[in-house]
Amino acid sequence: MSHRFVVVGGDAAGMSAASKAKRENPDLDVVVFEKGEWVSYGACGLPYFVKGDIPDIEDLVAVTPEAFREKRNIDLRTGHEVTAIDTDEKTVTVEAGGETTTEPYDTLLVATGARAIEPPFEGMDLPGVFTLHSMESGEALRGYLEREVLADDAGAGSVAVIGGGYVGVEMAEAFAEHGLTVHMFEMLPHILQPFGEEVAEVVEEHLREQGVELHLDTRVEGFVGGEELSGVETEAETYDAELAVVGVGVAPNAELAAEAGVERGDSGAIAVDEYGRTNVSDVFAAGDCAEATHTVTGSPDYVPLALTANRAGRAIGQTVTGDPTTVGEIAGTAAVKAFDLEAARTGILDEPRAKQHGFEPTKVTITASSRAHYYPGAKELQVTLVADQETNRVLGASMVGEEGAAKRIDTVAAALDAEMTVDELQNLDLAYAPPFSPTWDPVLTAAKVLAGKLGD
Ligand SMILES: Cc1cc2nc3c(=O)[nH]c(=O)nc-3n(C[C@H](O)[C@H](O)[C@H](O)COP(=O)(O)OP(=O)(O)OC[C@H]3O[C@@H](n4cnc5c(N)ncnc54)[C@H](O)[C@@H]3O)c2cc1C
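These lines cover the structure that appears in this document, whether it is placed above or below. Note that this is a predicted model, so its numbers are computed, not measured.

1. Considerations on the overall build of the protein chain
Move 1: Secondary structure assignment for the protein chain yields twelve helices and 25 strands.
Move 2: A globule of 456 residues ought to have a C-alpha radius of gyration of about 23 Å, and the protein chain, at 23 Å, matches this closely.
Move 3: Taken over the C-alpha atoms alone, the protein chain extends approximately 65 × 55 × 40 Å along its principal axes.
Move 4: For the protein chain, the residues scored as buried account for 53% of the 456 residues in total.
Move 5: A total of about 20200 Å² of accessible surface is found on the protein chain, and carbon and sulfur atoms cover 46% of it.
Move 6: Distance between charge centres in the protein chain, computed from 32 positive and 80 negative side chains, equals 7 Å.

2. Describing a nonpolar patch on the surface
Move 1: A cluster of nonpolar side chains, namely Tyr374, Tyr375 and Tyr432, defines an oily patch on the protein surface of about 320 Å² accessible area.
Move 2: Within the secondary structure, Tyr375 sits in the loop between strand E23 (361-369) and strand E24 (380-388).

3. Focus: the sheet that holds strand E21 (residues 334-338)
Move 1: If you trace the five strands from one edge of the open sheet to the other, you get E21-E22-E25-E24-E23, paired in antiparallel fashion. If you trace the sheet from one side to the other, it starts and ends with E21 and E23, each paired once. Direction aside, the axes of adjacent strands within the sheet are offset by 15° on average.
Move 2: Relative to E23, helix H12 (residues 442-455) is tilted by about 140°, and along the sheet it contacts E23, E24 and strand E25 (394-401).

4. Brief notes about the site of the ligand
Move 1: Not every one of the 30 residues close to the ligand is listed here, only the nearest: Asp11, Glu34, Tyr41, Val82 and Asp288.
Move 2: One nitrogen or oxygen atom from the side chain of Tyr41 is found 2.6 Å from an oxygen atom belonging to the ligand.
Move 3: Within the backbone of Leu305, an N or O atom sits 3.3 Å from an oxygen atom of the ligand.
Move 4: In the complex, 89% of the free accessible area of the ligand, which totals 1000 Å², lies under the protein chains.
Move 5: Of all the secondary structure elements, the ones that give two or more residues to the shell around the ligand are helix H1 (12-24), strand E2 (29-34), strand E4 (81-86), helix H5 (166-177) and helix H8 (306-320).
Move 6: Among the residues forming the shell around the ligand, the class breakdown is 19 nonpolar, six polar and five charged.

5. With respect to the packing of H1 against H8
Move 1: Orientation of H1 relative to H8, taken along the N-to-C sense of each, is 30°, at an axis distance of 7 Å. As judged from the angle between their axes, H1 and H8 are roughly parallel. You can see that H1 and H8 cross each other, and the crossing is right-handed. In contact with Ala12, Ala13, Ser16, Ala17, Lys20, Ala21 and Glu24 of H1, H8 contributes Ala309, Asn310, Gly313, Arg314, Gly317 and Gln318.
Move 2: Its residues assigned to classes, the contact of H1 with H8 shows five nonpolar, five polar and three charged.

6. Things to note about a negative patch on the surface
Move 1: On the surface, Glu37, Asp56, Glu58, Asp59, Glu136 and Glu139 cluster together into a negatively charged patch.
Move 2: The topology assignment puts Glu136 in helix H4 (residues 135-153).

7. Describing the packing of aromatic side chains
Move 1: Tallying each qualifying case throughout the model produces three aromatic pairs.
Move 2: Relative to Tyr144, the ring of Phe130 has its centre 5.5 Å away and its plane inclined at 65°; by these criteria the two rings are edge-to-face. With Phe130 in strand E9 (residues 129-130) and Tyr144 in helix H4, this pair connects stretches of sequence that are 14 residues apart.
Move 3: We classify Tyr144 as buried; its relative accessible area is 7%.
Move 4: Ring geometry for Phe185 and Tyr239: centres 5.3 Å apart, planes at 65°, overall edge-to-face. Linking Phe185 in strand E11 (residues 181-185) with Tyr239 in strand E15 (residues 238-240), this pair joins segments that are 54 residues apart in sequence. You'll find Phe185 and Tyr239 in the same group, each marked buried.
Move 5: Stacked on the ring of Trp440, the Lys or Arg Lys448 has its end atom at 3.7 Å from the ring centre.

Parameters and conventions
Residues numbered from 1 in each chain as written. Predicted model: local features only at pLDDT ≥ 70, side-chain atom pairs only at ≥ 80, totals over all residues. Heavy atoms only, no water. Helix = DSSP H or I, 4+ residues; strand = E, 2+ residues; numbered from the N terminus. Rg over C-alpha atoms; globule rule 2.2 N^0.38 Å. Buried < 20%, exposed > 50% of the residue type's maximum accessible area, 1.4 Å probe, protein only. Areas by Shrake-Rupley, 256 points an atom, 1.4 Å probe, with all protein chains shown as cover. Lys, Arg positive; Asp, Glu negative; His and termini not counted. Charge placed at Lys NZ, Arg CZ, Asp CG, Glu CD. Patch = residues over 30% accessible without salt bridge, like charges linked within 9 Å, V, L, I, M, F, W, Y side chains within 5 Å. Salt bridge = Lys/Arg side-chain N within 4 Å of Asp/Glu carboxyl O. Pairing = 2+ DSSP bridges. Axes fitted to C-alpha atoms, helices over the stretch in contact; angles between N-to-C directions. Contact = heavy atoms within 4.5 Å. Near = heavy atom within 4 Å. Polar contact = N/O pair within 3.5 Å; in protein donor to acceptor, adjacent residues only side chain to side chain. Nonpolar A, V, L, I, M, F, W, Y, C, P; charged D, E, K, R; others polar. Parallel < 35°, antiparallel > 145°, perpendicular 65-115°, else oblique. Left-handed = near helix turned anticlockwise from the far one by under 90°. Phe/Tyr/Trp six-rings, centres within 6.5 Å; stacked < 30°, edge-to-face > 60°. Lys NZ or Arg CZ within 6 Å of the ring centre and 35° of its normal.

Limitation: the analysis is restricted to geometry and does not speak to function.
Right under this line is the structure:
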């Protein structure tokens with residue numbers, strides 16, 4: 001009998017693993033159980049679907065279920081929820097269409113992703129209050145927006161975004177595009193916490209310029225309404241809102257594995273080694289349900305992002321075919337579009353966190369030009385670079401500006417992976433032509449200034 005590779009969860013991590021395993025070994029029996037109807041979808045595109053840039057939600061699907069079944073020969077079963085794992089018997093319990101069956105596995109991948117956190121707010125279940133994580137939630141949100149908000153007001157209504165993370169920022173832009181007044185509530189002093197204060201302050205000013213009503217240091221206490229949402233309550237005031245999206249973070253779907261004896265890390269996500277193996281033999285985990293090793297700290301971390309999921313899934317798919325492949329480390333490299341701004345970050349930016357891992361961080365923030373100063377259209381680009389004072393090792397960076405931030409961060413991400421010092425970073429041979437950067441790329445300028453500070 002052929003080896004049976006069973007995957008739980010049919011999105012980025014799960015389908016990458018299934019596809020890679022089947023490509024490497026067509027004789028492998030690859031079965032994927034996905035509880036929903038969507039597979040291989042780009043949830044990252046949902047804010048742009050709500051905004052209207054992506055006209056059809058189907059456009060977010062990379063590979064259809066039919067293509068997985070017919071072209072890739074994967075036994076993909078949508079509408080099938082795995083409700084239990086028995087690691088002694090090596091079986092999973094599956095519920096579909098009211099029937100419960102038991103399915104055997106030789107190797108199991110848990111790729112169950114994460115879910116949007118739903119705070120225990122009063123009125124959280126009112127029509128008009130949404131989280132945004134699944135394709136279904138994206139469809140429901142856009143439908144409600146069109147039917148209940150835009151049709152009534154021709155763009156004159158008010159909406160609320162709870163949480164100033166990257167999904168919140170993307171949603172503020174999406175709603176503003178429809179001419180709505182957007183209230184954004186953030187309980188911390190700044191939005192975009194992982195990007196650091198330097199970036200947050202620039203983005204906050206830009207959001208205000210774009211008409212977003214920003215309420216920082218403001219804790220939402222609940223929602224009010226009769227048959228549907230009519231307002232958002234904070235300690236001090238109630239604000240009108242016909243629709244609210246709650247984007248206060250995600251929680252890993254790790255319970256299914258944990259109930260089967262799979263260990264979780266401090267973050268609550270599934271603990272894995274460099275091959276994505278859990279503590280239970282023949283059980284792997286990948287993507288938003290699992291931890292990964294941080295490039296800078298060398299410790300387990302939880303940063304649920306799409307490339308991490310795709311990459312780990314692909315590596316595990318390869319490992320399962322007998323070619324052990326590491327899942328790779330993470331640096332928390334991320335970018336977000338905020339109206340006309342690009343913001344990006346990588347590595348360790350905050351001082352307490354750096355210190356906790358034994359570093360003595362120091363940083364500089366510089367402002368440079370995104371193109372040669374004489375070239376039309378040049379924009380200001382702010383770069384913050386952080387390094388360890390003892391070793392001069394680069395620890396992280398953030399960037400913000402109207403152009404050149406989102407992909408320029410990758411230079412620093414590569415430097416982190418190579419454990420470069422600030423001197424090594426400043427000596428990199430980076431591309432230059434007037435339309436793309438100044439002769440000294442802003443990353444090199446930041447490294448020069450930081451090298452000077454470290455040398456003082
Ligand atoms: C609005 C939004 C914007 C985002 N933007 C970005 C971005 O710009 N950049 C970026 O890097 N990342 C972004 N992300 C994150 C990115 O989408 C995730 O990191 C990625 O989808 C993780 O893939 P995954 O396969 O681990 O999990 P998921 O995509 O969550 O998929 C897990 C799947 O498992 C299924 N499942 C769960 N439990 C079971 C079960 N018991 N049985 C059967 N099936 C089950 C679920 O139905 C789901 O389909 C964004 C996410 C959202 C929601």
